[in-house]
Amino acid sequence: MVSPRAGNAPPGVDPEAFSWFQAVDADHSGYISVKELKQALVNSNWSTFNDETCLLMINMFDKTRSGRIDVYGFSALLRFIQQWRNLFQQYDRDQSGSISFSELQQAFSQMGYNLSPQFSQLLLARYAQRSSNPSIQLDRFIQICMQLQSTTDAFREKDTGLVGNVRLSYEDFLTMVVTRML
């Protein structure tokens, strides 16, 4: 049997993804850590992906809860990132490589979220790089959308009548946050 290190991609893994996995696996452990992933992913402005987004993605594809992903998880992660990149490029109407306030508002609306301009402004203030015209890079877009989806799912579990309002205790709220976000 030929070992995967010899150049043959394991069954079910795209050869290009396997090649990249080998390059990113700097310590040759057979796994990708948050640190290794962060060094491998860049935004359109050549900044590396932030730690929070990398950790969210590692946790999403880490089937063993070890804080790292194997070649299968990495291959799935690359497909996941490509889907988000395609969506990001679709909403980046001016092709600037980042998502502006109006583009973010339109993205949320097209994704089915009815969010106020004030909420989008809050997200920009929290996640955009400080500038006179704040905008969101791909990594933060992925992070915002993953967190929005997760908290929306948690909200919907409580909003059984689909009325857009729930009544919950402080501890229930904290439980939702801790189990979905941290």
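Read on for an overview of the structure. These figures come from a predicted structure and were not determined experimentally. (Residues numbered from 1 in each chain as written. Predicted model: local features only at pLDDT ≥ 70, side-chain atom pairs only at ≥ 80, totals over all residues. Heavy atoms only, no water.)

A word on the side chain of S75
Now for step 1: Looking at where S75 falls in the secondary structure, it is placed in helix 4 (residues 71–91).
Now for step 2: With sequence-adjacent residues up to four places away left out, S75 is seen in contact with V13, D14 and A17. (Helix = DSSP H or I, 4+ residues; strand = E, 2+ residues; numbered from the N terminus. Contact = heavy atoms within 4.5 Å.)

As for the pattern of salt bridges
Now for step 1: Counted under the stated rule, the structure contains 3 salt bridges.
Now for step 2: Between D51 and K38 there is a salt bridge whose closest N-O contact spans 3.3 Å. Of this pair, D51 sits in helix 3 (residues 51–61) while K38 sits in helix 2 (residues 34–40), placing them 13 residues apart in sequence.
Now for step 3: Exposure remark for D51: the relative accessible area of 47% places this residue in the partly exposed category.
Now for step 4: Between R140 and E52 there is a salt bridge whose closest N-O contact spans 2.8 Å. Here E52 lies in helix 3 and R140 lies in helix 7 (residues 138–158), a separation of 88 residues in the sequence.
Now for step 5: Owing to a relative accessible area of 18%, R140 belongs among the buried residues under this scheme.
Now for step 6: Judged by its relative accessible area of 35%, E52 falls in the partly exposed class.
Now for step 7: In this structure, a network of salt bridges that share partners links the residues E52, R126 and R140. (Salt bridge = Lys/Arg side-chain N within 4 Å of Asp/Glu carboxyl O. Buried < 20%, exposed > 50% of the residue type's maximum accessible area, 1.4 Å probe, protein only.)

A few points about the packing of aromatic side chains
Now for step 1: Across all of its chains, the model carries 8 aromatic pairs by this definition.
Now for step 2: With centroids separated by 5.7 Å and ring planes inclined at 70°, the aromatic side chains of W20 and F74 adopt a geometry described as edge-to-face. Remark: F74 occurs in helix 4 and W20 occurs in helix 1 (residues 15–24); sequence separation between them is 54 residues.
Now for step 3: With a relative accessible area of 1%, F74 lands in the buried category.
Now for step 4: A connected cluster of aromatic rings, assembled from ring pairs, spans F61, F80, W84, F88, Y91 and F141.
Now for step 5: Between R68 and the ring centre of Y31, over which it is positioned, the NZ or CZ distance is 3.8 Å. (Phe/Tyr/Trp six-rings, centres within 6.5 Å; stacked < 30°, edge-to-face > 60°. Lys NZ or Arg CZ within 6 Å of the ring centre and 35° of its normal.)

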